[in-house]
Amino acid sequence: MRALRSLEVWKLGVVNYLDALKLQEKLVLERKSHKICDTLLSLQHPPTYTVGKRQTVHNLLIPQSELEQIGAELHYTQRGGDITFHGPHQAVLYPIISLRDVGLGARRFVEKIELTMIELAGVYGVKACPGQRCETGVWVGERKIGAVGVRISNGITSHGMAFNIDPDLNYFRHIVPCGIADKEVTSLRRETGFDLPREEIIQEELISCFARIFGYDNLIWKEGASILSDKNETE
């Protein structure tokens, strides 16, 4: 009989991007040393543009000096992928998991991340699919609804996925999203055209899709910003 596979899920609410990055780095080290089990961070960010390790900041279409005027920050990361936007009303999941333990390679991991968002879209009657060649993420026709950018270090993952529930799509006008020109960005609300349930419910549905696709049987829930303060106090 296969042993139950556990996933600890941290529901963090709205978290500053650098705080979330610092937390991920700490958890990756703890996962490498087997101090924690596989962990999934569920959160949203204030308006933030992030650039991947290729540093394609040329895909930011406004001067960095103007970011403050639109209430956004810019941060450089070591994840894969191009420039993207994170903001309110966007569901973000950061898996800190051991690929060796789940028996996955990098490509299959990304495919399952995409499938997680495709399944969530399908819950609301939206037919989404992976992008064409060189088009990462999840698409509804020619419109991108979910972004993927991951980092894998010694078999441990970080960063992850961002699914557009109902973010302010105007922020995407200031970048070439994921380096793909002449394509639109969309959201679940725009594609459905009807009232959606509370965002907390949608984020929990995304977590459920993730757990099912990655084969986790036992979810251990932690909730609230107190998690962040508890972790900081132990440093």
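So, here's what we can say about the structure. (Residues numbered from 1 in each chain as written. Predicted model: local features only at pLDDT ≥ 70, side-chain atom pairs only at ≥ 80, totals over all residues. Heavy atoms only, no water.)

### Section: the sheet that holds strand β4 (residues 73-76)
A sheet is described by the order of its strands in space; here 3 strands give the open sequence β4-β3-β5, paired in mixed fashion. Across the chains shown, the open sheet's two edge strands, defined by having one partner strand only, are β4 and β5 (84-86). Between one strand and the next, the sheet's axes are offset by a mean angle of 30°, whatever the strand orientation. Two elements, strand β3 (residues 48-51) and β5, share 3 bridges in a ladder whose sense is antiparallel. Bridged to Tyr49 within β5 is Phe85. (Pairing = 2+ DSSP bridges. Helix = DSSP H or I, 4+ residues; strand = E, 2+ residues; numbered from the N terminus. Axes fitted to C-alpha atoms, helices over the stretch in contact; angles between N-to-C directions.)

### A closer look at the nonpolar core
Residues Ile113, Met117, Phe163, Leu206, Phe210, Phe214 and Tyr216 are the most contacted members of the largest nonpolar core, which totals 37 residues. The element that contributes the greatest number of residues to this core is helix α5 (residues 199-214), accounting for 8 residues. Setting aside residues up to four positions removed in sequence, Leu206 forms contacts with Ala91, Leu93, Thr116, Met117, Leu120, Met161 and Phe163. One finds Leu12, Leu43, Ile96 and Ala162 within the second-largest nonpolar core, a separate group that totals 16 residues. (Core = buried A, V, L, I, M, F, W, Y, C linked by side-chain atoms within 4.5 Å. Buried < 20%, exposed > 50% of the residue type's maximum accessible area, 1.4 Å probe, protein only. Contact = heavy atoms within 4.5 Å.)

### So, the packing of aromatic side chains
Taken as a whole, this structure holds 6 aromatic pairs when the rule is applied. Centroid distance Phe85 to Tyr171: 4.7 Å. Interplanar angle 10°. Geometry classified as stacked. Highlighted residues: Phe85 in strand β5 and Tyr171 in the loop between β10 (156-164) and β11 (184-185), separated in sequence by 86 residues. For Phe85, a relative accessible area of 2% puts it in the buried group. Under the relative-accessibility criterion, Tyr171 is labelled buried at 16%. Considering the side-chain rings of Phe85 and Phe172, the 5.3 Å spacing of their centres and the 75° angle between planes classify their relative orientation as edge-to-face. With a gap of 87 residues between them, Phe85 in strand β5 and Phe172 in the loop between β10 and β11 connect regions that are remote in the sequence. (Phe/Tyr/Trp six-rings, centres within 6.5 Å; stacked < 30°, edge-to-face > 60°.)

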